[in-house]
Each structure stands twice: as structure tokens, then as C-alpha cells.
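Below, each chain spelled out in residue letters.
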Amino acid sequence: MNQIPLVDLKAAHAEVADYVRAGFERVLAATAFIGGEEVREFEREYAGFAGVAHCVGVANGTDALELALRASGVEVGDEVVLPANTFIATAGAVARIGARPVLVDCLPDTQLMDHQAALDATGPATRAVVPVHLYGQCAATAELAARLPGHVRLVEDAAQSQGATRDGRSPGSGGIAATSFYPGKNLGAYGDAGAVLTDDEELAGLVRSLANHGGTAKYRHDVAGFNSRLDGLQAVVLRAKLARLAAGNAARRAAAARYDALLADLAAAGRVVLPTTDAGNVHVWHLYVVRVTGAGPGRDEVAGKLNAEGIGAGVHYPVPVHLTPAFSHLGHRRGDFPHAEQAADRILSLPLYPQITADQQQQVVNTLADALR
Ligand SMILES: *Cc1c(COP(=O)(O)O)cnc(C)c1O
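Just so it is clear, the model here is predicted, and its values are computed rather than measured. (Residues numbered from 1 in each chain as written. Predicted model: local features only at pLDDT ≥ 70, side-chain atom pairs only at ≥ 80, totals over all residues. Heavy atoms only, no water.)

Some remarks on the pattern of salt bridges
Pairing between side chains becomes possible if they bear opposite charge and their charged atoms approach one another.
Item 1. Under the defined criterion, the tally for this structure stands at 17 salt bridges.
Item 2. Its salt-bridge partner being Arg 40, residue Glu 37 comes within 3.2 Å of it at the nearest N-O pair. Within this pair, Glu 37 and its partner Arg 40 are both found in helix α2 (residues 37-50), separated by three residues, close to a single helical turn.
Item 3. Between Arg 96 and Asp 63 there is a salt bridge; the shortest N-O distance is 2.7 Å. Placement of Arg 96 in helix α4 (residues 88-97) and of Asp 63 in helix α3 (residues 61-71) is noted, with a sequence separation of 33 residues between them.
Item 4. The class of Arg 96 is partly exposed, set by a relative accessible area of 44%.
Item 5. Overall, the relative accessible area of 8% leaves Asp 63 in the buried class.
Item 6. One salt-bridge network, in which partners are shared between bridges, spans Arg 26, Glu 38, Glu 41, Arg 44, Glu 45 and Arg 239. (Salt bridge = Lys/Arg side-chain N within 4 Å of Asp/Glu carboxyl O. Helix = DSSP H or I, 4+ residues; strand = E, 2+ residues; numbered from the N terminus. Buried < 20%, exposed > 50% of the residue type's maximum accessible area, 1.4 Å probe, protein only.)

Right, dumping it as C-alpha cells:
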């Protein structure tokens, strides 16, 4: 039986192994373990790739979100609006500041945050709104930003959208965004890493200061910072993989198009709903997520059968934030965010990575068709 993982990190490593070993030797020779030349070069290169003026490397994506929120002025007791259907870290970063996550529903087709719902949830206590560029597709951030009241900042969760644009705009440009280099992300380190992206020099300086034990005299914020820095060894890995990221994203797009074609019959039969891309988006397909519908076995049964056949199908994410015990204190119940809840019950992520072959995709679709019977 051929195993097909959800993400093939071994194949990704094989492409950069020699470069990474040579880079590790450079870092060891320089003993540049935190910060240093490799980190500076990576920050410069990634800012260029991401289409922003500044990239500040930090310890992980959750820290990047927290730092971007803090730099945007979010404090204890403030409200921060975010979608109910996201990875728990989006809400976790808000909670760690002592701010209150205010959850809103998603749109039924793309599962991106419902902007009107976000605007409706915005009030005098709101300090920030956090759209999540889910699965590699940018939410309509520019439209949202234009309609937000002056006291509300936009902080983008770009953990899944490395290289994605919407109407030519990159996450963080004209504002601030956080990304994650968790190993399974489109650009993954060999451990934890993340970054804050912005065009604003002052915000970038503030993030850098907060992430390095707090402000210097130069910065007006009189707050205790913490330690969230990027390691030299991780920067070596990230530089090696960054050189291949554009090609990797293009390969993901080609693989997504191939899934669309291979799954057309199942979609026409009403057994799966294929992912949709909004006009103007350059999608980077962090995940290829279908929805299991119609009569027949449900999502959990289908996922179980795929996994039993060695196909690494996943669910991103099975429980919306408002139904997790960690956020039960927000006082929500099932039914509050119907689109997010329905998606959580139906979504299924199929294996997708730049090196996936047409044969592997055919095998995934054949196994899925059997599982749906
Ligand atoms: C991965 C991810 C994060 C958190 O990143 P870490 O590096 O794991 O802390 C936040 N938000 C979203 C949407 C993510 O996918």
C-alpha cells in the first residue's frame, strides 16, 4: 500500500539538504545562534518576497500575532474581532494579551471571515479586527479596512498565505500581518518560527523591541516585553526554502487544479463541494479543502477510511473556536455561527504539497470515491 501523507516534509527536506548542511556549518562557525547575519538576510529576503518593507523574525506564529496586536495598541480589556473558524492560535494570541476575542461567522463558500459580520461586531471597545487568510486565500482585507472606524486596526493572520495576494495586494502592506513558519506551513522551518510583516517602520521597530525584552528609551510604550526571537539555524532553513517557495506555490496551484478536474464527477454527483477562489486572488493552496455532502457516509467516516488506506487526510479544523472548552467562557452555544459549524462538520483536507504527483492525486481521488460509496 502506497502511503500518501497530508504534507511531505521529507521530500521538501531532500531538495534543500545540502544547502541547509552548509548553512548550519556557517552558523556554527560564527556561533550566531540568535539573530545574526542569516536572520538579517532572511528578513530582508522575505520582506522582498512578501511585498512589504519590513519583516521581523520571531519565535513562532502565535507570538507574531500577539506582537502585531500589541504593536497595534491592543491592551487588556480591549475587544478583538476574529473568525470562529480558525486555528485556535488566532484567539489564543488575543487571550494572552488579556483582550477579549469577539467571534464572527464565515462566508459559506470560501470559509473566509464574513466582513459584514465583522463590521457589525465592531463597537467602541473594539481595538482590532483579525481576518484570517484561510487555506492560502486572502480575505477581502482592503474592502474591510476602508469601512472600519478610525479607532480599529487591521491585523492580518497570514500564517497560511505565504505568497498569496488579493487584487495585487500582499498581507501586511499598508498595515500589519503575522505569519508562521511552523514546519507544515508553505514556508516551514525545522522547529518553530514566525514573522511580523509591515510597511510601517515604527510598527516594525516596536515589534522588534517588544520581542527582545521590551522597549528601549526610543519607544514610547512603557511596557515589559518578552523574548521571541528567530534563531540563526532556522533562518538558514528558511532562506533555503524561500528560494523555492514561488515554484512550490505554483506547483500547489497546479495540483489544486488537477484535484478540481479529478473530483469533477464527485462534485457533479453532489458528494463533495470543491473549494472556491474569489476573483482577484492569487491562491497559494496551503490546504486543499473539500466538503463532504449528500447522502452516504459522513466526513468522519470518510476521513477514517482514507487514513486506514494510508492517505493522510486531515480536518482543519474540527471544532470552531466558540465550541472549544478553552473559549467556553465567551458564552456561545452551537447555532451561534452556523456556517463555521457546518463547515467544521463537513471539511476534509486532501494531501497537497509541491512534490505530489498526478498518480498520487489519482490514488487519493480513487480512494475518496470508494470511501464515499
Ligand atoms: C499555524 C497558524 C498559527 C500559529 O502559528 P504557530 O507558529 O504554530 O504559533 C496561527 N494562525 C493560523 C491560521 C495558523 O494556521
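Right, picking up where we left off after that structure.
Looking at the packing of helix α9 (residues 245-262) against helix α13 (residues 358-372)
Item 1. Contact pair α9 / α13: the axes reach a minimum separation of 10 Å and the direction vectors enclose 40°. Between α9 and α13, the angle is such that the two are oblique. Classified by chirality, the crossing of α13 by α9 is right-handed. Counted together, Ala 255, Arg 258, Tyr 259 and Leu 262 of α9 and Ala 358, Gln 361, Gln 362, Val 364 and Val 365 of α13 form the full contact between these two elements.
Item 2. Partitioned by chemical class, the residues of the contact of α9 with α13 number six nonpolar, two polar and one charged. (Axes fitted to C-alpha atoms, helices over the stretch in contact; angles between N-to-C directions. Parallel < 35°, antiparallel > 145°, perpendicular 65-115°, else oblique. Left-handed = near helix turned anticlockwise from the far one by under 90°. Contact = heavy atoms within 4.5 Å. Nonpolar A, V, L, I, M, F, W, Y, C, P; charged D, E, K, R; others polar.)

Some details on the side chain of Ser 161
Item 1. Here Ser 161 lies in the loop between β5 (153-157) and β6 (165-166).
Item 2. According to the relative accessible area criterion, Ser 161 is buried, its value standing at 2%.

A word on the nonpolar core
Item 1. Within the largest apolar cluster, 36 residues are counted, with the highest numbers of intra-cluster contacts made by Leu 69 and Val 80.
Item 2. Those elements that provide at least two residues to this core are β1 (54-58), α3, β2 (79-83), α4, β7 (176-180) and α7 (201-210).
Item 3. Considering every element that reaches this core, the biggest residue donor is α3, with six residues.
Item 4. Apart from residues no more than four positions distant in its own chain, Val 80 is found in contact with Leu 69, Val 74, Val 94, Ala 99, Arg 100, Pro 101, Val 102, Ala 128 and Val 130. (Core = buried A, V, L, I, M, F, W, Y, C linked by side-chain atoms within 4.5 Å.)

Section: the site of the ligand
Item 1. In the region of the ligand, 14 residues are neighbours, and Gly 61, Thr 62, Asp 157, Ser 180 and Lys 185 sit closest.
Item 2. Gly 61 places a polar main-chain atom, nitrogen or oxygen, 2.7 Å from an oxygen atom of the ligand.
Item 3. Between the ligand and Thr 62 there is a distance of 2.5 Å, counted from an oxygen atom to a side-chain nitrogen or oxygen.
Item 4. The fraction of the free accessible surface of the ligand (380 Å²) that becomes covered by protein chains is 93%.
Item 5. Of all the secondary structure elements, the ones that give two or more residues to the shell around the ligand are α3 and α4. (Near = heavy atom within 4 Å. Polar contact = N/O pair within 3.5 Å; in protein donor to acceptor, adjacent residues only side chain to side chain. Areas by Shrake-Rupley, 256 points an atom, 1.4 Å probe, with all protein chains shown as cover.)

What about the pairing of strand β12 (residues 347-350)?
A regular strand places its side chains on the two faces of the sheet in alternate fashion.
Item 1. Burial along β12 is two-sided: the face carrying Ile 347 and Ser 349 and the face carrying Leu 348 and Leu 350 are both buried.
Item 2. Summarising the sheet, strand β11 (residues 288-292) and β12 pair through four bridges and their orientation is antiparallel. Residue pairing across strands places Val 289 opposite Ser 349, the latter belonging to β12. (Pairing = 2+ DSSP bridges.)

Some thoughts on the pairing of strand β3 (residues 100-104)
Item 1. Burial analysis of β3 places four of its five residues in the buried class, which makes it a mostly covered element.
Item 2. As paired strands, β2 and β3 are joined by five bridges and run parallel to one another. Across the sheet, residue Leu 82 finds its bridge partner in β3, namely Leu 103.
Item 3. In the classification by handedness, the crossover that spans β2, the intervening α4 and the parallel β3 is right-handed. (Right-handed = clockwise from strand over helix to strand, strands pointing away.)

Some points on the sheet that holds strand β9 (residues 272-273)
Item 1. Here three strands make up an open sheet; going across it, the order is β9-β11-β12 and the pairing antiparallel. What marks the edges here is a single partner per strand, and that holds for β9 and β12.
Item 2. In the packing of helix α11 (residues 299-308) onto the sheet, the strands contacted are β11 and β12, and the crossing angle to β12 comes to about 20°.
Item 3. In this fold α13 packs onto β9, β11 and β12, with an angle of close to 150° to the strand it touches most, β12.

Here's the deal with the sheet that holds β5
Item 1. With respect to topology, seven strands assemble into an open sheet ordered β1-β8-β7-β5-β4-β2-β3, the strand pairing being mixed. Taken across any chain shown, the strands that pair with only one partner, and hence form the sheet edges, are β1 and β3. Across the sheet, the axes of successive neighbouring strands diverge by a mean angle of 25°, strand direction being ignored.
Item 2. Contacts from α2 reach β1, β7 and β8 (194-198) within the one sheet, and its direction differs from that of β1 by about 125°.
Item 3. Sitting on the sheet, α7 is in contact with β1, β5, β7 and β8, with an inclination near 10° to β1.

Quick look at the packing of aromatic side chains
Item 1. With the rule as written, the count across this model stands at seven aromatic pairs.
Item 2. Ring-pair connections join several aromatic residues into one group, and the members of that group are Phe 42, Tyr 46, Phe 49 and Phe 181. (Phe/Tyr/Trp six-rings, centres within 6.5 Å; stacked < 30°, edge-to-face > 60°.)

Description of α2
Item 1. In this model α2 runs 20 Å from its N-terminal to its C-terminal C-alpha over 14 residues, within 8% of the 20 Å that 1.5 Å per residue would give.
Item 2. Among the residues making up α2, those that are buried are Glu 38, Val 39, Phe 42, Glu 43, Tyr 46, Ala 47 and Ala 50. All buried residues of α2 lie within an arc of 160° about the axis, which places them on one face of the element. Exposed and facing more than 90 degrees away from the buried side of α2 are Arg 44 and Gly 48.
Item 3. Its buried side turned inward, α2 meets α1 (9-30), β1, β7, β8, α7 and α8 (232-242).
Item 4. Just beyond α2, the residue with positive phi is Gly 51, at close to 70°. (Expected span 1.5 Å × (residues − 1). Arc of directions from axis to C-beta.)

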